[in-house]
Amino acid sequence: MPSPVSEGALLDERAAAFLYRPGVSITAASRDEHNVPRIGRCLGCRVTADRETVTVFVALSQYGAFFDALRASRAIAVVFSLPSTHRTLQLKGGDAAVEPLAPGDTEIVAHHVEHFVDELGRLGYSREVVRAYHWCEAADLRAVRFTPTAAFEQTPGPGAGGPLPRSA
């Protein structure tokens with residue numbers, strides 16, 4: 001049975017499923033008061049059942065400038081990219097908020113990191129290095145929730161930069 005979708009949902013089921021796809025790389029960005037981009041590598045995500053809200057998980061101590069910019073502007077862009085195929089989607093929002101983790105979020109992060117380690121390992125990268133790069137204490141993680149207001153296909157090729165079709 002398809003999940004319920006309200007009029008405002010920007011993501012269809014296929015796009016939402018890609019955000020969860022094992023091995024996807026997730027990077028978020030915001031901008032500071034001088035419009036300088038500030039990034040944070042994300043360690044997983046969750047999407048509400050109605051697909052109207054996306055939450056990504058970022059280590060606070062590693063990306064202080066990102067969190068400062070996010071709190072000041074609330075603007076966010078998040079890129080989801082599968083390294084083995086280069087399929088890439090970008091979501092943008094203007095209401096990003098930093099929240100504590102919800103029950104189950106640390107399990108989402110552990111699952112995401114293990115699958116990302118496997119994805120890059122199959123491409124010849126050292127699993128130990130990838131795992132170390134993505135390691136952080138659970139207490140350091142923060143949830144960044146936002147409502148996507150724009151979604152773009154960013155896979156290299158003729159459709160790159162085009163908007164994703166809106167769900168019906």
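Right above here is the structure, for reference.
Residues numbered from 1 in each chain as written. Predicted model: local features only at pLDDT ≥ 70, side-chain atom pairs only at ≥ 80, totals over all residues. Heavy atoms only, no water.

A. Examining the environment of His34 more closely. As for its placement among the helices and strands, His34 is situated in the loop between strand S1 (25–31) and strand S2 (37–47). For His34, a relative accessible area of 62% gives the class exposed. Between the alpha carbons of His34 and Ala65 there is a distance of 13 Å; along the sequence they are 31 residues apart. (Helix = DSSP H or I, 4+ residues; strand = E, 2+ residues; numbered from the N terminus. Buried < 20%, exposed > 50% of the residue type's maximum accessible area, 1.4 Å probe, protein only.)

B. Up close: helix H2 (residues 64–73). Every buried residue of H2 is accounted for by Phe66, Phe67, Ala69 and Leu70. An end-on view of H2 places all buried positions within 165° of arc, on one side of the element. Exposed and facing more than 90 degrees away from the buried side of H2 are Asp68 and Ala72. Looking at the buried residues of H2, the elements they touch are S1, S2, strand S3 (54–59), strand S4 (76–81), strand S6 (97–99) and strand S7 (141–146). Looking one or two residues past H2, Arg74 carries a phi angle of roughly 65°, positive in sign. (Arc of directions from axis to C-beta. Contact = heavy atoms within 4.5 Å.)

C. Local environment of empty space enclosed by the protein. A complete count under the given rule lists one cavity of 30 Å³ or more for this structure. Estimated volume of the largest cavity: approximately 50 Å³. Around the largest cavity, the lining residues are Arg41, Leu43, Gln62, Tyr63, Tyr133 and His134. Partitioning the lining of the largest cavity into residue classes produces three nonpolar, two polar and one charged. (1 Å grid on protein atoms, 1.4 Å probe; cavity = no way out; pocket = protein on both sides within 12 Å on 5 of 7 lines; lining within 4 Å. Points joined across faces, edges and corners; volume = space filled by probe spheres on them. Nonpolar A, V, L, I, M, F, W, Y, C, P; charged D, E, K, R; others polar.)

D. Seen up close, the environment of Arg142. Topologically, Arg142 is positioned in strand S7. A relative accessible area of 24% places Arg142 in the partly exposed class. When the C-alpha positions of Arg142 and Ala59 are compared, they lie 6.2 Å apart, and in sequence the two are 83 residues distant. Every residue in contact with Arg142, bar those within four places of it in the chain, is listed here: Val56, Phe57, Val58, Leu60, Phe67, Val98, Glu99 and Leu101. There is a polar contact of 3.5 Å between the side chain of Arg142 and the backbone oxygen of Asp140. (Polar contact = N/O pair within 3.5 Å; in protein donor to acceptor, adjacent residues only side chain to side chain.)

E. Just the sheet that holds strand S8 (residues 150–153), in detail. With antiparallel pairing, eight strands are arranged side by side in an open sheet as S6-S7-S3-S2-S1-S4-S5-S8. The open sheet is flanked by S6 and S8, the only strands paired with a single partner. Each adjacent strand pair in this sheet contributes to an overall mean axis angle of 30°, direction not counted. Sheet topology note: the S1/S2 ladder contains six bridges and is antiparallel. Paired with Ala29 across the bridge in S2 is Ile39. (Pairing = 2+ DSSP bridges. Axes fitted to C-alpha atoms, helices over the stretch in contact; angles between N-to-C directions.)

F. Main features of the packing of aromatic side chains. If you walk through the whole model with that rule in mind, you get one aromatic pair. Centroid distance Phe66 to Phe67: 5.3 Å. Interplanar angle 70°. Geometry classified as edge-to-face. Phe67 carries the same exposure label as Phe66, and that label is buried. Above the ring of Phe18, the side-chain terminus of Arg87 is found at 4.3 Å from the ring centroid. (Phe/Tyr/Trp six-rings, centres within 6.5 Å; stacked < 30°, edge-to-face > 60°. Lys NZ or Arg CZ within 6 Å of the ring centre and 35° of its normal.)

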